[in-house]
Amino acid sequence: MDSSNDEALDIIVTNVVATFRTRCHLNLRTIALEGTNVIYKPEVGKVLMKLRKPKITASIWSSGKIICTGATSEDEAKLGARRLARCLQKLGFKVRFSAFKVVNVLAVCSMPFAIRLIDFTKNNRPIASYEPELHPAATYRIKNLKATIQVFSTGSLTVTGPNVQNVATAVEQVYPLLFACQKPRCK
């Protein structure tokens, strides 16, 4: 297998975190008593609300800020956020859906080969770090994309970035570096 061979890598998005504002004050006690699928956490000052479809969990603060986690795409995150806003409107709040933003995307990817982490880290020293006593993966940070890649010796990658496009670009950028440090196949 050579590096010019275009083998498609499956990048699986596992979590999308998004925020939005309701532009009104929310009474958490009312949401906890009248809402469905809610968990009231008064010691933290928030309510957790879960939706089944799309499967997301939202942290709701009284200021009107809401953080949605658990979606598997940016579109699903937006749909879930709008459904949450609609649920709050049905509870009697004057909610206006605004300032929606995807904050973080977590994805996993598996290389078709194993990786020599020590060689990978030595070759990419300023941006890559590997502390086997602390964590089994090497960390590779791409500043301009604001993406972080955790590289495991098995060839598994965990990628975090601000959006899906940056995550895909980060994997494309790191692939040739990983290919150069692949472990030889056992026979």
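Everything here concerns the structure above.
What you see is a predicted model, and the numbers here were worked out from it, not measured in a lab. (Residues numbered from 1 in each chain as written. Predicted model: local features only at pLDDT ≥ 70, side-chain atom pairs only at ≥ 80, totals over all residues. Heavy atoms only, no water.)

Novice: Please clarify how the overall build of the chain should be interpreted in this entry.
Specialist: Counting secondary structure elements, the chain contains four helices and ten strands. From first element to last, N terminus to C terminus, the chain shows the α and β order β-α-β-β-β-β-α-β-α-β-β-β-β-α. For the chain, whose C-alpha radius of gyration is 21 Å, the value lies well above the compact-globule estimate of 16 Å for 187 residues. Counting only C-alpha atoms and orienting by the principal axes, one finds that the chain spans roughly 65 × 35 × 30 Å. With 187 residues in all, the chain has 39% of them scored as buried. Within the chain, counting contacts between residues at least 6 apart in sequence, those at least 24 apart form 61% of the total. (Helix = DSSP H or I, 4+ residues; strand = E, 2+ residues; numbered from the N terminus. Rg over C-alpha atoms; globule rule 2.2 N^0.38 Å. Buried < 20%, exposed > 50% of the residue type's maximum accessible area, 1.4 Å probe, protein only. Contact = heavy atoms within 4.5 Å.)

Novice: Hey, could you run me through unusual backbone geometry in this one?
Specialist: Comment: phi is negative for the bulk of residues other than glycine, and the bulk of peptide bonds are trans. In this structure, Pro54 follows Lys53 across a cis peptide bond, with omega equal to -5°. Of note, Pro54 is situated in the loop between β3 (46-51) and β4 (56-61). The phi dihedral of Ala99 falls on the positive side, at around 55°, and the residue is not glycine. The exposure class assigned to Ala99 is exposed, which follows from its relative accessible area of 53%.

Novice: Whenever I open this one, the sheet that holds β3 confuses me. Can you help?
Specialist: Hydrogen bonds between backbone atoms are what pair the strands of a sheet, whose relative direction is either parallel or antiparallel. A sheet is described by the order of its strands in space; here ten strands give the open sequence β2-β3-β4-β5-β1-β6-β10-β9-β8-β7, paired in antiparallel fashion. Among the strands making up the open sheet, the edge pair consists of β2 (38-41) and β7 (128-130). When strand polarity is set aside, the average angle formed by the axes of neighbouring strands in this sheet is 15°. Most of the contacts of helix α4 (residues 164-180) go to strand β10 (residues 156-161), to which it runs at about 140°, and overall it touches β1 (11-21), β6 (98-110), β8 (138-142), β9 (147-151) and β10. (Pairing = 2+ DSSP bridges. Axes fitted to C-alpha atoms, helices over the stretch in contact; angles between N-to-C directions.)

Novice: Explain helix α2 (residues 74-90) to me, please; I cannot follow it from the model alone.
Specialist: Side chains three or four residues apart in an α-helix point the same way, a direct result of the helix having 3.6 residues per turn. Taking 1.5 Å of rise per residue, 17 residues should cover 24 Å, and α2 covers 25 Å from first to last C-alpha, within 8% of that figure. Along α2, the positions that sit buried rather than exposed are Ala77, Gly80, Ala81, Leu84, Ala85 and Leu88. The buried residues of α2 occupy one face: seen down the axis, they fall within an arc of 140°. For α2, exposure combined with an orientation more than 90 degrees from the buried face picks out Asp75 and Lys90. Remark: Gly92 follows α2 within two positions and exhibits a positive phi of approximately 105°. (Expected span 1.5 Å × (residues − 1). Arc of directions from axis to C-beta.)

Novice: Looking at this model, I keep getting lost on the pattern of salt bridges. Mind explaining?
Specialist: Where side chains of opposite charge bring their charged atoms close, a pairing between them can arise. By the definition in use, this model includes one salt bridge. We note a salt bridge from Asp119 to Arg116, for which the minimum N-O separation is 2.5 Å. (Salt bridge = Lys/Arg side-chain N within 4 Å of Asp/Glu carboxyl O.)

Novice: Could you clarify how one ought to interpret the environment of Ala170 in this entry?
Specialist: Relative to the assigned elements, Ala170 resides in helix α4. In this structure, the C-alpha to C-alpha distance between Ala170 and Glu133, residues 37 residues apart in sequence, is 26 Å.

Novice: I tried to follow the nonpolar core on my own but got confused; where do I start?
Specialist: A general feature of soluble globular proteins is that nonpolar side chains tend to end up buried together. In terms of nonpolar packing, the biggest core is built from 52 residues, with Ile31, Ile60 and Phe120 touching the most fellow members. Top element by residues in this core is α4. It accounts for seven residues. Those residues in contact with Ile31, other than ones at most four positions away along the chain, are Leu26, Val38, Val47, Met49, Ile60, Leu88, Leu91 and Phe93. (Core = buried A, V, L, I, M, F, W, Y, C linked by side-chain atoms within 4.5 Å.)

Novice: Would you mind showing me how to read the state of the cysteines here?
Specialist: Disulfides are covalent bonds that link the sulfur atoms of two cysteine residues. Across all of its chains, the model carries zero disulfides by this definition. Unpaired in this structure, Cys24 has its nearest cysteine sulfur neighbour in Cys87, at a distance of 14 Å. In this structure Cys24 comes out as buried when scored by relative accessible area, which is 16%. (Disulfide = S-S within 2.5 Å.)

Novice: Help me understand the packing of aromatic side chains in this model?
Specialist: To describe a pair of aromatic rings, you give the distance between the ring centres and the angle between the ring planes. All told, the structure shown has six aromatic pairs when counted by the stated rule. Ring plane angle 25° and centroid distance 5.9 Å describe the contact between Phe97 and Phe100, whose orientation is recorded as stacked. Of the residues examined, Phe97 reaches a relative accessible area of 24% and is grouped as partly exposed. Take Phe100: its relative accessible area is 24%, and that puts it in the partly exposed class. Centre to centre, the rings of Phe120 and Tyr140 are 5.7 Å apart; their planes meet at 50°, and the pair counts as tilted. Here Phe120 is found in helix α3 (residues 117-123), whereas its partner Tyr140 is found in strand β8, with 20 residues between them in sequence. The pair formed by Phe120 and Tyr140 is uniform in burial state, with each residue classed as buried. (Phe/Tyr/Trp six-rings, centres within 6.5 Å; stacked < 30°, edge-to-face > 60°.)

Shape is all these values report; function is a separate question.
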